[in-house]
Amino acid sequence: MKPPARTRSSAQPAALPSTGGVGLARAEPAPPLGPWGILRIRPFLVLYVSAAVVFLGVMAQTVARGWLAFELTGSNAALGGVLLAFGVTMLVATPWGGVAADRLPKRLVLQVALSLLAVSSAGVGLAVAVHVVEYWMLLVASALQAVGFALFNPARMAFLAELVPRGSIPVAVSLLLVNAEVNRVVGPAIAGLVIGSLSFGTAAVFLATGMLSSVGLLLTAALPPGRRVGEASDRSPLTELADGLRYVRRRPDLLAPLLCGLGVALVGLPYLAFLPTVASDLFGLGSAGYGILSAASAVGAVVTGLLLGRRSYRRSETRVMIVAGATCGVALGALAVAQLFAVAVGALLVVGGAMLAFQTTDQSVLIARSAMEYHGRIQGLIMLSWGAFGIAALPLGVLADAVGLRWTLGGMGLAVVLVTGVFAVVSRRGQASSDRLRDLG
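Residues numbered from 1 in each chain as written. Predicted model: local features only at pLDDT ≥ 70, side-chain atom pairs only at ≥ 80, totals over all residues. Heavy atoms only, no water.

## Digging into the overall build of the chain
Assigned secondary structure in the chain consists of 17 helices and zero strands. The 441 residues of the chain split such that 53% are buried. For the chain, restricting intrachain contacts to residue pairs at least 6 apart in sequence, the fraction spanning at least 24 positions comes to 86%. (Helix = DSSP H or I, 4+ residues; strand = E, 2+ residues; numbered from the N terminus. Buried < 20%, exposed > 50% of the residue type's maximum accessible area, 1.4 Å probe, protein only. Contact = heavy atoms within 4.5 Å.)

Here's what the structure looks like:
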C-alpha cells in the first residue's frame, strides 16, 4: 500500500500541516516550490504539457476564427456575434462544468472536453476546405467550444490542487496561465503567417487545431483519474451548484475578488474581439497586423507571468489585483488614442501583462482561500468571466460600429478602472473591519 501513496507524495507533505491534524498543527509549512520544482511533479507536468498542446491550437484558431468571421461579414457586430454564441453558452454551461469537476473523475471531464474541442475545430476546417463554410457554422462551433471550455477549465484548475502542495498553488496557477499565454505568442504568429501566405491557410489552422486537441486528449491518459473530494453524494447537480453559490455568498473574502474578476473580464477582455478591426481599419495591416497585436499582448503576459512565478505575493494579493486592474484600464485607454502602430503594440504589451497579473492573482486567491471540495464549482464561477466577455462583445461591437472603435476602447478602459476602484474600496473596508475585530479579540 505504501508504494502507490508514494507516487503522489510529492504533492502531499506540504499540504498536511494545514489540515490541523494532531502533532502537525504547529509544524512550519514547507516553503513553496518554484516553477521547476512543480514541473518535477509528474502528473502536473502531464497536465501542463497537455494544456500547452491544446492551447497552441486554440490560440491559433482564435486568429483564424476572427479573420474568417471578418471575411464572411466585414462588421464588428458579426465579430461580436461569434463571441456572443461562445459567451451565452459559456455562462450556461460553466457552472455545470464546475459541478462535474467536483462530482466526477477530473481526467474523464478533461477527456470529454477535449473531444468536443477536436470535433468542433475539425468540422469548421473541413467546411472551409470544401468551400461550404457559412457564418452560422462559426456560431455553432463557438457554442460547442464553449461547452468544451466549460468542462476543461474548471477541471484543469481544480486538478492542480490535488497535484501540487497547497503553498505552491499560486505558482502552479501562474504556470498554467503563462502556458496559455506563451501559446498566444506562438499560435497567433503561426496562424497569421499561414493565413497570409497560403490560399488554404484558414482551413489548415482549423484542422491543425483539431489534431492538437486530439493529441492533448491522448496525453490525458497518463493522468491519474482525479478524485471527488469528500464523501460520495446522491444530491442532484442542481443542489450541489446551489450549495457552491451559498458557500461563496457566505464568504466576503471570496465574493469580492470573484465579482471583481467577473467585472474586469466583462468590460476589459472584449478588446480581444476587436483586434482584427484595430489592425485592419485603424492601421491598414490586415491579418499580419492582427497576429502582431495579438502576440504583443501575449508577450506582455508571458513576461509578467514569469516575474510573478519568482516570488510569493501572499500578503499583497489585493494590492496586486488593484494595481494590475488599474494598469490594464489605463493601457486600454492608450490603445484607444494610439495613432502609431508601435504605440498600439506597446499598449497591448501592458494590457496583456496587467491582465495576466490580475487573473493569476484572482484565481490563486480564490483557490487558496476555499475548501478543496468546492474548488471545481468556484473555478466554474471564475470561468463565467469568459462567458461574460463574450456576451459583452456583441453590444460593444454594435457600439463600436455606431460611435467608433476608439471611443469604445476608451470607455472599456475607463470601466475597468472603475470596477477595480470599487473593489479597492470594498477590500479596504473589509480589511478595516477585520482589524477592528482582531483588536477587540
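## Let's talk about the environment of Lys 106
Inspection of the secondary structure puts Lys 106 in helix α5 (residues 106–129). Through-space distance from the C-alpha of Lys 106 to that of Arg 156 is 7.7 Å; in sequence the pair is 50 residues apart.

## What about the packing of helix α3 (residues 42–73) against helix α8 (residues 201–219)?
Interhelical geometry of α3 versus α8 gives an angle of 160° and a closest axis separation of 8 Å. Taken together, the axes of α3 and α8 are roughly antiparallel relative to one another. As α3 packs across α8, the resulting crossing turns out to be left-handed. Its residues assigned to classes, the contact of α3 with α8 comprises 14 nonpolar, seven polar and one charged. (Axes fitted to C-alpha atoms, helices over the stretch in contact; angles between N-to-C directions. Parallel < 35°, antiparallel > 145°, perpendicular 65-115°, else oblique. Left-handed = near helix turned anticlockwise from the far one by under 90°. Nonpolar A, V, L, I, M, F, W, Y, C, P; charged D, E, K, R; others polar.)

## Things to note about the environment of Ser 427
Tracing the backbone shows Ser 427 in helix α17 (residues 405–440). When the C-alpha positions of Ser 427 and Ile 322 are compared, they lie 9.8 Å apart, and in sequence the two are 105 residues distant.

## A look at the packing of aromatic side chains
For the structure shown, the criterion picks out four aromatic pairs. Between the aromatic rings of Phe 283 and Phe 341, the centroid separation amounts to 5.5 Å while the plane-to-plane angle is 75°, which identifies the pairing as edge-to-face. Of this pair, Phe 283 sits in the loop between α11 (271–282) and α12 (286–308) while Phe 341 is found in helix α14 (residues 341–369), placing the two residues 58 residues apart along the sequence. Looking at Phe 283, the relative accessible area reads 17%, which means it is buried. A residue is classified by how much of its surface remains accessible, and Phe 341, at 21% relative accessible area, is partly exposed. Following the ring pairs from residue to residue traces out a cluster consisting of Phe 55, Phe 149 and Phe 152. (Phe/Tyr/Trp six-rings, centres within 6.5 Å; stacked < 30°, edge-to-face > 60°.)

## Observations concerning a nonpolar patch on the surface
Nonpolar side chains collect at one region of the surface, where Val 299, Val 303, Leu 307, Leu 349 and Val 350 lie side by side and expose about 380 Å² of accessible area between them. Looking at the nonpolar patch, the elements that each hand over two or more residues are α12 and α14. The leading source of residues in the nonpolar patch is α12, at three residues. With respect to the secondary-structure elements, Val 350 resides in helix α14. (Patch = residues over 30% accessible without salt bridge, like charges linked within 9 Å, V, L, I, M, F, W, Y side chains within 5 Å. Areas by Shrake-Rupley, 256 points an atom, 1.4 Å probe, with all protein chains shown as cover. Salt bridge = Lys/Arg side-chain N within 4 Å of Asp/Glu carboxyl O.)

## Some words on the nonpolar core
With 62 residues, the main nonpolar core has Tyr 271, Leu 293 and Leu 409 as its most contacted residues. Here the element with the most residues in this core is α14; it accounts for nine residues. For Leu 409, the contacting residues outside a window of four places in its chain are Tyr 271, Phe 274, Val 278, Leu 332, Leu 335 and Ala 336. Within the second largest apolar cluster, 48 residues are counted, among which are Phe 86, Phe 159, Val 171 and Leu 175. (Core = buried A, V, L, I, M, F, W, Y, C linked by side-chain atoms within 4.5 Å.)

## Some points on the pattern of salt bridges
Should the charged atoms of two oppositely charged side chains come close, the side chains can pair. This model, assessed by the stated rule, comprises one salt bridge. Among the salt bridges present, the one from Asp 253 reaches Arg 251, with a minimum N-O distance of 2.8 Å. On the basis of relative accessible area, Arg 251 is assigned to the partly exposed category, the value being 22%.

## Examining the side chain of Thr 202
Position of Thr 202 among the secondary structure elements: in helix α8. On the accessibility criterion, Thr 202 (10% relative accessible area) is buried. In this structure Thr 202 touches Ala 64, Leu 68, Val 128 and Ile 195, once residues within four positions along its chain are discounted.

## A short note on α8
In a regular helix each residue adds 1.5 Å, so 19 residues correspond to 27 Å; α8 covers 27 Å between its end C-alpha atoms and thus fits that length. For α8, the full list of buried residues reads Gly 201, Thr 202, Ala 203, Val 205, Phe 206, Thr 209, Gly 210, Leu 212, Ser 213 and Gly 216. (Expected span 1.5 Å × (residues − 1).)

## Structural notes on the packing of α3 against α5
Following both chains from N to C, one finds α3 and α5 inclined at 30°, their axes separated by 12 Å at the closest point. When you trace α3 past α5, the crossing you get is left-handed. Here Leu 47, Ser 50, Val 54, Gln 61 and Leu 68 of α3 lie close against α5, whose contacting residues are Leu 110, Leu 114, Leu 117, Ser 121, Val 124 and Val 128. Residues of the contact of α3 with α5, tallied by class, amount to eight nonpolar, three polar and no charged.

## A short note on unusual backbone geometry
The phi angle at His 131 is positive, at roughly 60°, despite the residue not being glycine. Mapped onto the fold, His 131 is located in the loop between α5 and α6 (135–163).

## Quick look at the environment of Leu 56
Mapped onto the elements, Leu 56 comes out in helix α3. The exposure class of Leu 56 is partly exposed, given its relative accessible area of 25%. C-alpha separation for the pair Leu 56 and Ala 208, spaced 152 residues apart in sequence, amounts to 9.8 Å.

## Some thoughts on helix α13 (residues 317–337)
The terminal C-alpha atoms of α13 lie 31 Å apart, and with 21 residues this matches the ideal 30 Å at 1.5 Å per residue to within 8%. Along α13, the positions that sit buried rather than exposed are Val 320, Met 321, Ala 324, Gly 325, Cys 328, Gly 329, Ala 331, Leu 332, Leu 335 and Ala 336. Along the axis of α13, the buried positions cluster into a sector of 165°, meaning they face one direction only. Opposite its buried face, α13 presents the exposed residues Arg 319, Val 330 and Val 337, each directed more than 90 degrees away. (Arc of directions from axis to C-beta.)

Keep in mind that these numbers describe shape and distance, not what the molecule does.
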